[in-house]
Amino acid sequence: MSFIAIVIIVLVLVAVGGISYGLMRLKSFTSDAAFVVSALKDGLEDQAAELEHTPKSVNGMTSLCLPRITKDFPAFNWYEFRQKAENMLKSALRAISNGDISLLIDASADLRNQVGLEIAANRDNGIREVYQNIDVHQTEIATYRKQGGTCVIALQTSIGYIHYVEDHGEVTQGSKTVMEQTRYNIELQYIQDTSQIAEGETALGTTCPNCGAPITSVGQKTCEYCGLAVTEININTWALNRYSEI
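Here's a quick rundown of the structure.

Reading guide: rules and limits
- Residues numbered from 1 in each chain as written.
- Predicted model: local features only at pLDDT ≥ 70, side-chain atom pairs only at ≥ 80, totals over all residues.
- Heavy atoms only, no water.
- Phe/Tyr/Trp six-rings, centres within 6.5 Å; stacked < 30°, edge-to-face > 60°.
- Buried < 20%, exposed > 50% of the residue type's maximum accessible area, 1.4 Å probe, protein only.
- Core = buried A, V, L, I, M, F, W, Y, C linked by side-chain atoms within 4.5 Å.
- Helix = DSSP H or I, 4+ residues; strand = E, 2+ residues; numbered from the N terminus.
- Contact = heavy atoms within 4.5 Å.
- Polar contact = N/O pair within 3.5 Å; in protein donor to acceptor, adjacent residues only side chain to side chain.
- Salt bridge = Lys/Arg side-chain N within 4 Å of Asp/Glu carboxyl O.
- Pairing = 2+ DSSP bridges.

### Focus: the packing of aromatic side chains
Tallied over the full model, the rule gives eight aromatic pairs. Ring centres of Phe76 and Phe81 lie 5.1 Å apart, and the angle between their planes is 10°; this geometry places the pair in the stacked category. Among the residues examined, Phe81 registers a relative accessible area of 12% and is labelled buried. Three or more aromatic residues link up through ring pairs in this structure, and these residues are Phe73, Phe76, Phe81, Tyr190 and Trp238.

Dropping the structure here:
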């Protein structure tokens, strides 16, 4: 065998060996990449599953707002109104799911109108919006403010549910199996009877009919100067006035 033939054979063997090694490395790299992709996929799935069951946090200012509220309204029962707000929200979602406004409870006329409009819009658009497995996690007072002739307590509720929209039987939004976590603002409003307030006076600034001293606290029962019982100018009605998802 000639020297040239021997050189060619050696080169061929080296080339084949290099290719084999390269193929082995490529296979190893491909395997490693597949493992990384699989691990990332599993991690994302685990994260999605965790988020599915993790309640949203709420703006909890109850400890700061409640003393101010009970000062203005000594008879205010926070636990009662929190329960009413949560029941109202769940009933509103059920009313929308069933297209039946009669399922709505503990709601003002404005809130009933809001839910009624949502039901009508879904019906007009030929869609079905469904809320199932509704689970309220937490409700807190977010703000307390006095504006014009009303006092308003803004509540914030963390809630989870199955939510989806169907159009002619096809799901176009949401999921029938994945839990959705979200939050709602709910407005609790104390309606003032402005017809009993003289022109120029505010809802929080009427005067004692006996001594003329100012009555500066909403819900005040007696004059702090003469002690005479004061007729409240409020209708004594807290109303769940509106809600919105945030």
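### Quick word on the nonpolar core
Formed by 34 residues in total, the largest nonpolar core has its most connected members in Phe76, Met88, Val115, Ile153 and Tyr243. The set of elements that each furnish at least two residues to this core consists of helix 2 (62–72), helix 3 (78–98), helix 4 (109–124), strand 1 (127–147), strand 2 (150–167), strand 3 (170–192) and strand 6 (234–245). Dropping the residues within four chain positions of it, Ile153 is found in contact with Ile69, Phe76, Ile141, Thr143, Tyr144, Ile186, Glu187, Leu188 and Trp238.

### Notes on the side chain of Gln156
Positionally, Gln156 belongs in strand 2. Here Asn185 takes part through its side chain, which lies 3.1 Å from a polar atom of the side chain of Gln156. Beyond its immediate sequence surroundings of up to four residues, Gln156 is in contact with Ser57, Val58, Asn59, Gln138, Thr139, Glu140, Ala142, Arg183, Tyr184, Asn185 and Ile246.

### Examining the pattern of salt bridges
Applying the stated criterion across every chain yields a total of six salt bridges. With a closest N to O distance of 3.3 Å, Glu166 and Arg128 form a salt bridge. Taken together, the residues Glu166 in strand 2 and Arg128 in strand 1 connect sequence positions 38 residues apart. Between Glu166 and Lys176 there is a salt bridge; the shortest N-O distance is 3.0 Å. Within this pair, whereas Glu166 is found in strand 2, its partner Lys176 is found in strand 3, the two being separated by ten residues in sequence. Here the salt bridges share partners, and the residues they tie into one network are Arg128, Glu166 and Lys176.

### Focus: the pairing of strand 2
Across the 18 residues of strand 2, 17 count as buried, placing the element largely inside the fold. Bridge count for strand 1 against strand 2 is 17 bridges, and the pairing is antiparallel. Looking across to strand 2, one finds that Tyr144 is bridged to Ile153.

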